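Breakdown of the fold
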Amino acid sequence: MERDAFLEVLAGCLGERGLLREPESMVRYVSDWAGIRLGMPLAVARPASTAEVVATVRLCREHGVPMAPQGGHSGLVAGALPAAEGNELVISLERMNRVRSVDAINFTMSVDAGCILDSVKQAAAEHECDFPLALGAQGSCQIGGNVATNAGGLNVLRYGMMRQLVLGLEVVLPDGRLWSAMTELHKDNRGYALRQLFLGSEGTLGIVTGAVLKLTPRAVQSRTALLGLDSLEAVIELYGLARRDCSDLLSAFELIPRRCIELAMEATSTLSDPMQQHYPWYVLLEVSASGSLDLGGMLEHLLERGMARNLILDGALAASESQSQQLWQFRESMLEGQRRRGEHLRTDISVPISAIPAFVDAASRRIRESSPDCEIIAYGHVGDGNLHFNVLPPPTMPEAEKYDHLHALEVQLFSLLDDFGGSISAEHGIGRTKQPAYLARLSPVERELVVGIKALFDPDDLMNPGRILPRRQRE
């Protein structure tokens, strides 16, 4: 079947609103938050139900059309972008945005995959519950994308990643069959946990159309503090102290260097320096609880102990919700500040928490030996060992030279990461951009298993082909 004929049949399945074919209508589907753009899709399918996803996938398989499942465009590894060849059908889940049910006693919520994370959190709050996944992109990212990338974010140290927050899934497989396991059971030990294969699969094994999410009691109180410290060693020691003193109520412990405070103030004019003196490192921490505990006293006790040990040099303690939001604005705005600096090396790595100071020191020395005029910005989620070790190229470097220069620095950084037993991707995934580095680190046994799983689920290699694994050669 020729392209136009295929699209006519697909339009008949999806209706007028369900298929976009004109280039001007597809512009927002061809780039992600990082600004990466590869090419235009064959078309954009916008199914409004699981049944329409099934019909779309079956038609694609019948006619050999590659598919690119797509969520909220907040990815950073080019995993959901249509290929440069222009032969892929983007399948956007944005119209499937229904909260199917909430069980406030079972602490579960069933949702469509196209639900925006922020909307899910608001729906949970209406039932005095919380869905604890917290991301900078939560106003645009979708639950299906969170599942496909095994999203992490700010609260991983307390609640875990998406892998720990999903009880059941509904998935359209690459051959168009529907696998539905929308279980609301908190304990279910029947054989293989198939849902875990789809968490982090980046759309290569099927299209997630629904999920059962694990909720928590809604926090009725929280306390936030921004603290100034003089070394990474002090940061890690304070983290250990906080984990023990805060009775497992520590929900965030973010590492922020001084440069990021400055970038945040550059990006958001309403922000001002949080303390009179400048410190090389800052920690943004938060404790929260659903019961009537004395969080204020708990945090004050921690700060007193931290200051007595000369770990904390200064601090700003939020006295209201608005002040807490302002402190968190530093964490959110610093990303925009980096983005405004143009092309830079953006990494998403992890090392054992105790190894963070040694790794940052070794990595900084290695990068500066190769590029003395670059600017290093290392920040991240201390509580789970996830660092974003980013590098801004020298300001005088010609644009045409930046990509190769930054890639060479990334190779060196990843090599050092291997020495620390770290991971090249803590939460963003592999997609296209991390594929070479990922493949180079697979053992023969692991590669055989990964390739075998992909071949079992998608023998025709039509579901998000070329992401995580290279496209299979046609015979």
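Described in the following lines is the structure provided in the data block. None of these values were measured; they are calculated from a predicted model.

So, on to unusual backbone geometry. Even without being glycine, F107 reaches a positive phi, approximately 55 degrees. By the element assignment, F107 lies in the loop between β5 (99–103) and β6 (108–112). With a relative accessible area of 26%, F107 lands in the partly exposed category. With phi around 55 degrees, D461 is a residue other than glycine that occupies positive phi space. Take D461: it is sitting in the segment after α15 (444–457).

What follows concerns the packing of helix α8 (residues 232–245) against helix α10 (residues 295–308). With their axes 10 Å apart at the nearest point, α8 and α10 run at an angle of 150 degrees to one another. In the crossing of α8 with α10, the sense of the turn from one axis to the other is right-handed. Within the contact between the two elements, α8 uses L238, L241, A242 and D245 and α10 uses M298, H301, L302, R305 and G306.

To continue, consider the packing of helix α1 (residues 3–14) against helix α2 (residues 50–63). Axis separation between α1 and α2 bottoms out at 10 Å; the angle between their running directions is 165 degrees. For the element pair α1 / α2, the angle class is roughly antiparallel. Considering the relative orientation of α1 and α2, their crossing is right-handed. Residue-level inspection shows F6, V9, L10, C13 and L14 of α1 in contact with α2, the latter providing E52, T56, L59, C60 and H63. When grouped by side-chain class, the residues that make up the contact of α1 with α2 number 7 nonpolar, 2 polar and 1 charged.

Quick look at the state of the cysteines now. Counted under the stated rule, the structure contains 0 disulfides. Free of any disulfide, C141 has its nearest cysteine sulfur in C115, 12 Å distant. Residue class for C141 comes out buried when judged on its relative accessible area of 3%. Note on C260: no disulfide assigned, nearest cysteine sulfur contributed by C374 at a separation of 14 Å. Judged by relative accessible area, which is 1%, C260 ranks as buried.

Tracing the backbone through its elements, the reader meets T204 in the loop between α7 (195–198) and β10 (207–214). From its side chain, T204 meets the backbone oxygen of S201 in a polar contact 2.7 Å long.

All right, on to α1 then. With 12 residues, α1 should cover 16 Å at 1.5 Å per step; its first-to-last C-alpha distance of 16 Å lies within 8% of that length. Considered for burial, the residues of α1 that qualify are F6, L7, L10, A11 and L14. Taken around the axis of α1, the buried residues stretch over an arc of 140 degrees, which confines them to a single face.

As a further point, take the pattern of salt bridges. Scanning all chains against the criterion turns up 28 salt bridges. Where D175 meets R177, a salt bridge forms, and the shortest distance between an N and an O atom there is 2.7 Å. A residue is classified by how much of its surface remains accessible, and D175, at 23% relative accessible area, is partly exposed. Residue R305 is joined to D245 by a salt bridge in which the shortest nitrogen-to-oxygen separation is 2.8 Å. Taken together, the residues R305 in helix α10 and D245 in helix α8 connect sequence positions 60 residues apart. Here R305 falls in the partly exposed class, since its relative accessible area comes to 30%. Each member of the salt-bridge network shares a partner with another, and the members are R258, R259, E262, E266, D273, R341 and E375.

Relative to the assigned elements, F131 resides in the loop between β7 (129–130) and α4 (143–149). For F131 and L213, which are 82 residues apart along the polypeptide, the C-alpha to C-alpha distance reads 7.7 Å. Those residues in contact with F131, other than ones at most four positions away along the chain, are L117, V120, K121, A124, I143, M162, L165, L213, K214 and L215.

Strand order across the open sheet formed by 5 strands is β5-β6-β10-β8-β9, with antiparallel pairing between neighbours. In this open sheet, the two strands that pair with only one neighbour each are β5 and β9 (178–181). On average, each strand axis in the sheet is inclined to that of its neighbour by 10 degrees, with strand direction left out of account. Pairing of strand β8 (residues 166–172) with β10, which is carried by 6 bridges, proceeds in the antiparallel orientation. Bridged to V172 within β10 is I207.

With that out of the way, let us pick up the nonpolar core. Counting 59 residues, the largest nonpolar core has L238, L250, F253, F359 and F389 as the members making the most contacts within it. In this view, F253 contacts L157, V235, L238, Y239, A242, V283, L284, L285, G380, H381, V382 and G383; residues no more than four positions away in its chain are not counted.

In this section: the packing of aromatic side chains. How two aromatic rings sit relative to each other is given by the distance of their centres and the angle of their planes. Across all of its chains, the model carries 6 aromatic pairs by this definition. Ring geometry for Y239 versus F253: centroids 5.3 Å apart, planes at 70 degrees, classification edge-to-face. Here the residue Y239 occupies a position in helix α8, and F253 occupies one in strand β13 (residues 250–257), the gap between them amounting to 14 residues. Like F253, Y239 is buried. Ring centres of F359 and F389 lie 6.2 Å apart, and the angle between their planes is 75 degrees; on these two criteria the pair is classed as edge-to-face. Here the residue F359 occupies a position in helix α12 (residues 356–370), and F389 occupies one in strand β18 (residues 386–392), the gap between them amounting to 30 residues. Both residues of the pair, F359 and F389, belong to the buried class. What links up through ring pairs into an aromatic cluster is the set W179, F198 and F457.

This part takes up the sheet that holds strand β2 (residues 43–45). The strand order across the open sheet built from 4 strands is β1-β2-β4-β3, with neighbouring strands paired in mixed fashion. Looking at strand neighbours, the two that pair on one side only are β1 (19–20) and β3 (67–70), the edges of this open sheet. Relative to strand β4 (residues 89–92), β3 runs parallel, the two sharing 4 bridges. Each residue of the ladder has a partner; that of M67, found in β4, is L89. In the packing of α2 onto the sheet, contacts are made with β2, β3 and β4, and the angle to β4 comes to roughly 165 degrees.

About the thresholds
- Sequence order sets the numbering: in each chain, residues are counted from 1 along the sequence as written.
- Under the rules for a predicted model, residues below a pLDDT of 70 receive no local features and side-chain atom pairs below 80 are neither given nor counted, while totals for whole chains, interfaces and linings still include all residues.
- For the side-chain quantities, the full set of heavy atoms in the structure was used; hydrogens and water were omitted.
- Put simply, DSSP marks the helices as runs of H or I at least four residues long and the strands as runs of E at least two long, and each gets a number from the N terminus on.
- Classification of residues uses two cut-offs on accessible area relative to the type maximum, computed with a 1.4 Å probe and protein chains only: under 20% is buried, over 50% is exposed, and between them is partly exposed.
- Only the stretch in contact is used when a helix axis is fitted, and all axes are lines through C-alpha atoms; the angle between N-to-C directions ranges over 0 to 180 degrees.
- Each crossing gets its hand from how the near helix is turned against the far one by less than a right angle, where anticlockwise is left-handed and clockwise is right-handed.
- Any two residues whose heavy atoms approach within 4.5 Å are treated as being in contact.
- We call two directions roughly parallel when the angle between them is under 35 degrees, roughly antiparallel when it is over 145, roughly perpendicular when it lies between 65 and 115, and oblique otherwise.
- The nonpolar class holds Ala, Val, Leu, Ile, Met, Phe, Trp, Tyr, Cys and Pro. Asp, Glu, Lys and Arg form the charged class, and all remaining residues, Gly among them, are polar.
- When the sulfur atoms of two cysteines come within 2.5 Å, that pair is taken as a disulfide.
- We define a polar contact as two N or O atoms separated by no more than 3.5 Å, with the added condition that, inside protein, one atom must be a possible hydrogen donor and the other a possible acceptor, whereas residues neighbouring each other in sequence contribute only through side-chain atom pairs.
- To estimate the expected span of a helix, count its residues, drop one, and scale the result by 1.5 Å.
- By definition, the arc is the one covered by directions from the helix axis to the C-beta atoms.
- In the sections that follow, a salt bridge refers to a side-chain nitrogen of Lys or Arg positioned within 4 Å of a carboxyl oxygen of Asp or Glu.
- Strands qualify as paired when DSSP identifies two bridges or more between them.
- Here the nonpolar core consists of buried residues drawn from Ala, Val, Leu, Ile, Met, Phe, Trp, Tyr and Cys, with membership extended through side-chain atoms lying within 4.5 Å.
- Geometry of aromatic contacts follows a simple scheme: Phe, Tyr and Trp rings, the Trp one being its six-membered ring, pair when their centres are within 6.5 Å, and the pair is stacked under 30 degrees between planes, edge-to-face over 60, tilted otherwise.

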